[in-house]
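# Structural characterization, general
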Amino acid sequence: MPYVPHTPEDARAMLETVGVSSVEELFAEIPLALRPKSFDLPPGLSESDTRAKLEDMASRNNTALVSFLGAGFYDHYVPSAVDALTGRGEFYTAYTPYQPEASQGTLQAIFEYQTAVSRLLGMDCANASVYDGGTALCEAVMMAVRQTKRTKVLISETVNPIYRILVDTFTRNLHLSLVTVPHREGATDFAAMQAALDKETACVVVQNPNFFGRVQDASALFSAAKAVGAVSVLSAYPVLASVLKTPGAMGADVAVAEGQSLGLPLSFGGPYLGVMTCTKALVRQMPGRIVGRTEDSKGRTGYVLTLQAREQHIRRQKATSNICSNQALCALRSLAHLCLLGEEGLKRTALLSMENARYAAGKLTAIKGVSLLGQGPIGNEFAVTLPRAAQDVCLALIGRGLVPGFPLGRYYQGLENALLVCCTEKTSKRDIDILAAWLEDEL
Amino acid sequence: MSTVFQQSRPGREGVWPKTPSGQASDLLPPDLLRDGPSGLPSLSELDVVRHFTTLSRKNFGVDGNFYPLGSCTMKYNPKFCENVAALPGFARLHPMLPQLPRGDELTQGALEVLYETERWLCEITGMDEFTLHPMAGAHGELTGVLIMAAYHADKGNKKTKIICPDSAHGTNPASAAIAGYEVVSVASKDGIVDPEALAAVLDDQVAGMMMTCPNTLGLFEQNLPRIVELLRSVDALLYYDGANLNAVMGKMRMGDAGFDIVHVNLHKTFATPHGGGGPGAGPVGVCARLADYMPISRVVKDASCRFHLRYDYPKSIGYVAPFYGNFGVVLKAYAYMVRLGREGLIKVSENAVLAANYLRKRLDDVLEVPYDRICMHEFVASAAKQSEKGVRALDIAKALLDKGYHAPTVYFPLIVKECLMFEPTETESKETLDTFADDLRAILAQAETDPAALLAAPVTLPVTRLDETAAARGMHITEDM
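As recorded by an unreviewed UniProt entry, chain B carries the name glycine dehydrogenase (aminomethyl-transferring) and is attributed to Fundidesulfovibrio magnetotacticus. As stated in UniProt under Function (unreviewed entry), the record for chain B gives "The glycine cleavage system catalyzes the degradation of glycine. The P protein binds the alpha-amino group of glycine through its pyridoxal phosphate cofactor; CO(2) is released and the remaining methylamine moiety is then transferred to the lipoamide cofactor of the H protein." Per UniProt, chain B carries the Cofactor (unreviewed entry) text "pyridoxal 5'-phosphate".

Looking at an unreviewed UniProt entry, one finds chain A named Probable glycine dehydrogenase (decarboxylating) subunit 1 and attributed to Fundidesulfovibrio magnetotacticus. The record held by UniProt for chain A lists under Subunit (unreviewed entry) the comment "The glycine cleavage system is composed of four proteins: P, T, L and H. In this organism, the P 'protein' is a heterodimer of two subunits." In the Catalytic activity (unreviewed entry) part of its UniProt record, chain A is described as follows: "N(6)-[(R)-lipoyl]-L-lysyl-[glycine-cleavage complex H protein] + glycine + H(+) = N(6)-[(R)-S(8)-aminomethyldihydrolipoyl]-L-lysyl-[glycine-cleavage complex H protein] + CO2".

## As for the overall build of chain A
Within chain A, the secondary structure is distributed over 14 helices and 15 strands. With the C-alpha coordinates of chain A rotated into their principal frame, the extents come out at 85 × 55 × 50 Å. By residue count, 66% of the 443 residues in chain A fall in the buried class. Contacts spanning at least 24 positions in sequence make up 71% of the contacts within chain A whose residues lie at least 6 apart. If the 41 positive side-chain charges of chain A are averaged to one point and the 43 negative ones to another, these points end up 7 Å apart.

## Brief notes about the overall build of chain B
The helix and strand tally for chain B stands at 18 helices and 14 strands. Computed over its C-alpha atoms, the radius of gyration of chain B comes to 25 Å, within 12% of the 23 Å expected for a compact globule of 481 residues. With the C-alpha coordinates aligned to their principal axes, the bounding extent of chain B is approximately 75 × 60 × 45 Å. Residues classed as buried in chain B amount to 69% of the 481 residues present. Restricting to contacts in chain B with at least 6 residues of sequence separation, those with at least 24 account for 70%. When the accessible surface of chain B is summed, it comes to about 15,000 Å², and 48% of that surface belongs to carbon and sulfur atoms. Side chains of chain B give 46 positive and 58 negative charges; the mean places of these two sets differ by 2 Å.

## Here we look at the UniProt feature "domain: Glycine cleavage system P-protein N-terminal" (unreviewed entry) in chain B
Residues annotated by UniProt as "domain: Glycine cleavage system P-protein N-terminal" (unreviewed entry) correspond here to residues 44-295 of chain B. This span, residues 44-295 of chain B, is 36% helix and 15% strand, and a straight line between its end C-alpha atoms measures 45 Å.

## Some remarks on the interface of chain B and chain A
Listed per partner, the contact involves 203 residues of chain B and 179 residues of chain A. Interface area, chain B with chain A, both sides summed: about 16,900 Å², of which 66% is carbon and sulfur. In terms of surface lost to chain A, no three residues of chain B exceed Arg-34, Arg-339 and Ile-477 of chain B, which account for 5% of the buried area on that side. Between chain B and chain A we count 5 salt bridges in total. For Lys-398 of chain B, the salt bridge is made with Glu-101 of chain A, and the minimal N-O distance between the two is 2.8 Å. Linking chain B with chain A are 85 residue pairs in polar contact (both at pLDDT 80 or more). In terms of residues, the side of chain B that touches chain A owes the most to one element, helix 13 (residues 327-363) of chain B, which gives 27 residues.

## Re the packing of aromatic side chains
What the rule picks out here adds up to 24 aromatic pairs over all chains. Measuring from ring centre to ring centre gives 5.2 Å for Phe-268 of chain A and Phe-327 of chain B, while their planes differ by 75 degrees; the resulting arrangement is edge-to-face. Here Phe-327 of chain B lies in helix 13 and Phe-268 of chain A lies in the loop between strand 7 (254-258) and strand 8 (274-278), a pairing that spans two chains. Across this residue pair, the class does not change: Phe-268 of chain A and Phe-327 of chain B are buried. For the pair Phe-66 of chain B and Phe-436 of chain B, a centre-to-centre distance of 5.0 Å together with 85 degrees between the ring planes defines the contact as edge-to-face. Here the residue Phe-66 of chain B occupies a position in the loop between helix 3 (45-56) and helix 4 (80-85), and Phe-436 of chain B occupies one in helix 16 (residues 430-449), the gap between them amounting to 370 residues.

## Some words on the domain arrangement of chain B
All names here are of chain B. With domains assigned, chain B is organised as domain 1 (87-339) and domain 2 (341-468). Summarising the inter-unit geometry, the C-alpha centres of domain 1 and domain 2 are found 30 Å apart. Of the roughly 2,000 Å² buried between domain 1 and domain 2 on both sides combined, carbon and sulfur atoms contribute 63%. Considering only the side of domain 1, the residues that lose the most area to domain 2 are Leu-217, Asn-246 and Met-249, jointly responsible for 28% of the buried surface there. Across the contact surface, domain 1 and domain 2 share 1 salt bridge. Across the salt bridge formed by Lys-251 and Glu-350, the nearest N and O atoms sit 2.8 Å from each other.

## Some thoughts on the pattern of salt bridges
On inspection of all chains with the given rule, the structure shows 48 salt bridges over all chains. Residues Glu-29 of chain A and Arg-373 of chain B are paired through a salt bridge, measuring 3.4 Å at the closest nitrogen-oxygen approach. Taken together, the residues Glu-29 of chain A in the loop between helix 1 (8-18) and helix 2 (47-59) and Arg-373 of chain B in the loop between helix 13 and strand 12 (379-382) connect one chain to another. By relative accessible area, which is 18% here, Glu-29 of chain A ends up buried. In this structure, Arg-298 of chain B and Glu-129 of chain B form a salt bridge, with 3.3 Å as the shortest nitrogen-oxygen distance. Linking Arg-298 of chain B in strand 10 (residues 298-301) with Glu-129 of chain B in strand 1 (residues 129-131), this pair joins segments that are 169 residues apart in sequence.

## Focus on the UniProt feature "domain: Glycine cleavage system P-protein N-terminal" (unreviewed entry) in chain A
UniProt records the feature "domain: Glycine cleavage system P-protein N-terminal" (unreviewed entry) at residues 3-436 of chain A, using the numbering of this structure. Between the end C-alpha atoms of residues 3-436 of chain A the distance is 54 Å, and the span holds 37% helix and 15% strand.

## Concerning the domain arrangement of chain A
Residues and elements named next belong to chain A. Under the domain assignment used here, chain A contains domain 1 (66-75 + 342-442) and domain 2 (80-337). Using only C-alpha atoms to locate each centre, domain 1 and domain 2 end up separated by 28 Å. At the interface, 27 residues of domain 1 touch 29 residues of domain 2. When domain 1 packs against domain 2, the two sides together hide about 2,300 Å² of surface, and 68% of this comes from carbon and sulfur. Its largest share of buried area at the contact with domain 2, domain 1 owes to Phe-73, Leu-346 and Tyr-412, together 29% of the area lost on that side. Taken together, the connections running from domain 1 to domain 2 amount to 0 salt bridges.

## Topic: the environment of Gly-87 of chain A
With respect to the helices and strands, Gly-87 of chain A occurs in the loop between helix 3 (80-86) and helix 4 (89-92). The spacing of Gly-87 of chain A and Arg-333 of chain A is 246 residues in sequence and 9.6 Å in space, taken between C-alpha atoms.

## Things to note about the nonpolar core
Membership of the largest hydrophobic core comes to 233 residues, with the highest contact counts inside it found for Leu-408 of chain A together with Met-209, Met-252, Phe-270 and Phe-422 of chain B. The leading source of residues in this core is helix 13 of chain B, at 21 residues. If sequence neighbours within four positions are ignored, Met-252 of chain B has contacts with Ile-30, Leu-34 and Pro-36 of chain A together with Ile-124, Phe-220, Leu-224, Tyr-240 and Ala-257 of chain B. In this structure, Leu-154, Ala-236, Leu-240 and Leu-264 of chain A belong to the second largest nonpolar core, which totals 72 residues.

## Topic: the packing of helix 12 (residues 328-365) of chain A against helix 3 of chain B
Where helix 12 of chain A contacts helix 3 of chain B, the two axes come as close as 9 Å, and the packing angle between them is 150 degrees. The pairing of helix 12 of chain A with helix 3 of chain B is recorded here as roughly antiparallel in orientation. On helix 3 of chain B, the residues that touch Leu-332, Leu-335, Ala-336, Cys-339 and Leu-340 of chain A of helix 12 of chain A are Glu-45, Val-48 and Phe-52 of chain B. When the residues that make up the contact of helix 12 of chain A with helix 3 of chain B are grouped by side-chain class, the tally is 7 nonpolar, no polar and 1 charged.

## Some points on the sheet that holds strand 3 (residues 152-156) of chain A
Residue and element names in this part refer to chain A. Taken in spatial order, the 7 strands of this open sheet run 2-8-7-6-5-3-4, and their pairing is mixed. Looking along the sheet, the strands with just one partner apiece sit at the ends: strand 2 (125-126) and strand 4 (177-181). Note that strand 7 and strand 8 share 5 bridges and pair antiparallel. Across the sheet, residue Ala-257 finds its bridge partner in strand 8, namely Val-275. On the sheet, helix 5 (residues 104-121) packs against strand 2, strand 6 (231-236), strand 7 and strand 8 and is oriented at approximately 70 degrees with respect to strand 8. Against the sheet, helix 9 (residues 219-227) touches strand 5 (201-208) and strand 6, its axis set at about 170 degrees to strand 5.

How each quantity is defined
All residue numbers here refer to positions counted from 1 along the written sequence of the relevant chain. Chains carry letters and ligands carry numbers; both start at the beginning, A for chains and 1 for ligands, and go up in the order they are written. Owing to the predicted nature of the model, reporting of local features is limited to residues with pLDDT of at least 70; listing and counting of side-chain atom pairs is limited to 80 or more, with chain, interface and lining totals taken over all residues. Derived side-chain values reflect all non-hydrogen atoms in the structure, with water molecules and hydrogen atoms excluded from consideration. UniProt positions are given in the numbering used here, feature names are shortened, and annotations may be inferred rather than shown by experiment. Numbering goes from the N terminus for both helices and strands, where a helix is a DSSP run of H or I of at least four residues and a strand is a run of E of at least two. Any residue under 20% of the maximum accessible area for its type is buried, any over 50% is exposed, and the rest in between are partly exposed; the area is computed with a 1.4 Å probe on protein chains only. Pairs of residues are marked as contacts when any of their non-hydrogen atoms sit within 4.5 Å. Charged residues are defined here as Lys and Arg on the positive side and Asp and Glu on the negative side; His and the ends of the chain fall outside this count. Where a charge lies is defined by one atom per residue type: Lys uses NZ, Arg uses CZ, Asp uses CG and Glu uses CD. For the radius of gyration, the atoms used are the C-alpha atoms, and the globule rule reads 2.2 Å times the number of residues raised to 0.38. Per-residue and other accessible areas follow the Shrake-Rupley method at a 1.4 Å probe size, with only the shown protein chains counted as cover for residues. Buried area, as used here, totals the accessible surface that two parts lose on assembly, with accessibility defined by a 1.4 Å probe and the loss added over both. Salt bridge, as applied in this entry: a Lys or Arg side-chain nitrogen positioned within 4 Å of an Asp or Glu carboxyl oxygen. Polar contacts, as counted here, are pairs of nitrogen or oxygen atoms within 3.5 Å of one another; within protein the pair requires one atom able to donate a hydrogen and one able to accept it, and residues that are adjacent in sequence qualify only if both atoms are side-chain atoms. Two aromatic rings, drawn from Phe, Tyr or Trp (for Trp, its six-membered ring), form a pair once their centres lie within 6.5 Å of each other, and the interplanar angle then sorts them: stacked below 30 degrees, edge-to-face above 60, tilted otherwise. Domain start and stop positions are those given by an automatic or database domain assignment. For our purposes a nonpolar core is just a set of buried Ala, Val, Leu, Ile, Met, Phe, Trp, Tyr and Cys residues, chained together by side-chain atoms within 4.5 Å. All axes are obtained by fitting lines to C-alpha atoms, using only the stretch in contact for helices, and the reported angles, taken between N-to-C directions, cover 0 to 180 degrees. In this scheme, roughly parallel covers angles under 35 degrees and roughly antiparallel covers those over 145, while 65 to 115 is roughly perpendicular and the rest are oblique. Each residue gets one of three labels, nonpolar for Ala, Val, Leu, Ile, Met, Phe, Trp, Tyr, Cys and Pro, charged for Asp, Glu, Lys and Arg, and polar for the others, Gly among them. Any two strands with at least two DSSP-identified bridges between them are counted as paired.

This is the structure we're talking about:
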């Protein structure tokens, strides 16, 4: 059979060495009462037939639509060399680098990844990644709770609503008090957050650009948080981090990000990359793998997993987190992506995306009845208010082959007429013009 | 070798998009902008290609090296699965499409993959419902424990403790603790859970027990029926850590055996690559009485064979992942299952167990095997005898690296001294196992005659043994600007 190399002669010789007469004898320890009541599965297929089956399934997904859908997950161009390099079996068929001498490739790459994302977010240090941006935010909240031994979590309603639901699930049995501070016309309400801050507050949690695409400066909130001993957590968008004021410059203690926009395909929700960075003071509260530089017995530079006394395989129930894996291959992709674009390439990507968003905002708000939701600077995404339900407009335009954006009413009561529109550097002016023309037709 | 940051030469052009019309200051006020460069490197495409190619050569992987790392199931990962996951119809699919009006219609193929994978996993494990959302084994454990907590809360049970055997993976107690439970350890006897010891720590505060079967010693938990009975008597749930499912496909189903919650490591049993530490996938299955607590969304099939995502489950624990789990990993696992089919999956387990027993017999006269009887897909040996001469398990591991093998897992499980844990998997040929056994025997012979030489190993790799203490003390975890 495929992937099992034993010929009948091999199997016979092996059974003889083991001292049993049949394979079935190897399973004699499983009591009869525990044997399967059923194992009703289809027969196997050839590689060619399996691929054909999966190709048919792939064809029943519509990826031909022109799309302005972002909402935290972005379609940026990925240089071809990313696939070529991360497709090397030496990387993708390796395991967690427990034997550092045989894993210097993975280890140095993680060290470089830690450096790249720390620099991008203006923070001191990073871990080797966690599952995704949402669970990274959950881990950041838990870090703050452990560090401060407090239980109140102040989170802005402008943080990605899916991430807020995740935080709710993960902290449900820990008796925390999650306080969601409502948005003000799509902006983070810093005044209300500051007013809610007190000596019971473990952390303040904001996002920049926020879920509505708005760019703001959290510096004042973060210094107020510091004054009462609370931890400041910021969820960032790494592509735009190349041009925006960094979480570090704002005074964040922990900065997290969804790393998907750095070279990972959208792939229907995963695997993605949870970027996690913090100040030096908090590094021992950080979950997950961390790689450090050291020397070998001959004084040569090398890399190892370090600060492992935080982790579950050493500390068991006293660990900082239960996490065991990191998204090493995704982190490698993002590192290769960042290296191929480089400082200038990433900045261009951010600027082009933002320029396209401004062009789109101008075109859409020129339509009668369409206006921006709130006033203030935006990144590459913005919310508009339509004269009727965004769901209906969205449905009509999908029927014509275009996804105009994300209807915000699903997560924000009262915003049933609001649509979140995203542009990247791949968005063409022509597509924006079509969006504007068709939207005008529908309204 | 130098890092990408050391190789950077400002002005060197990489894969740049076209020139933007203006600058950041044309778009945003200065107080919202970054002050100075980001410090990312500037490199040519060839610089980058050569750097990562060179790095890759400093790695062992299954493609190049026998990798008998116990409990990690480092089997061969079929290449066609990578092509399947990269099909544009999947790779380009935005995860929020199904949340748009009638968005399910745009993603029927992907939803069918989710639905079908859940059905396969249900039949393989004998569970009634599956969720693919958990993004790794430990994430599956946490999801399972949250389901456990929701069940007890719903029934009004006051439960505060979770039992983990002393041979458990570290993630088990850590997952229980993160979900707010006190962890109680139970000792093994003859390598398996002792029902008497379990009965001694069992009371009505116990929410559940987390078990790995076969356990981390590679032994089947023969007292399972008695354990199930004991737990049921206090309305505690039994959790199956699927790390070792590779041993028992078609031989035992968790649902039939009385487990209430199961997680499966797709990256192990279903051959998706481990990627140097991830991504994995840790789907969770439950018995029917726990179905209401499963995470949302859930995929359903209607009478006309259309697939839909549903969110209206009021007792659900909520979201554990932003979307539907690590879909790209699920795809590879699904393709692998479809390729192998019923007979193939049974043969996987049979041959994994055969290979482990064969290797055990090839080594049990030179290494102490504390539980030297028929094992499942892996076995644990001890270098206690060698350590008396100054050669520890770690030294044997390093000497294997010099011969081009990845080392077995060392010092786990914690209950065996100088532990070496071997898992050859079903994809390695008899020749590979024989050569490996011969080479390991030569190392063990050298441990008798020239132990000092082994203490210096490895000597053939890019670096010799690394100073981990200095790494932790120096905490040099990013490149200085």
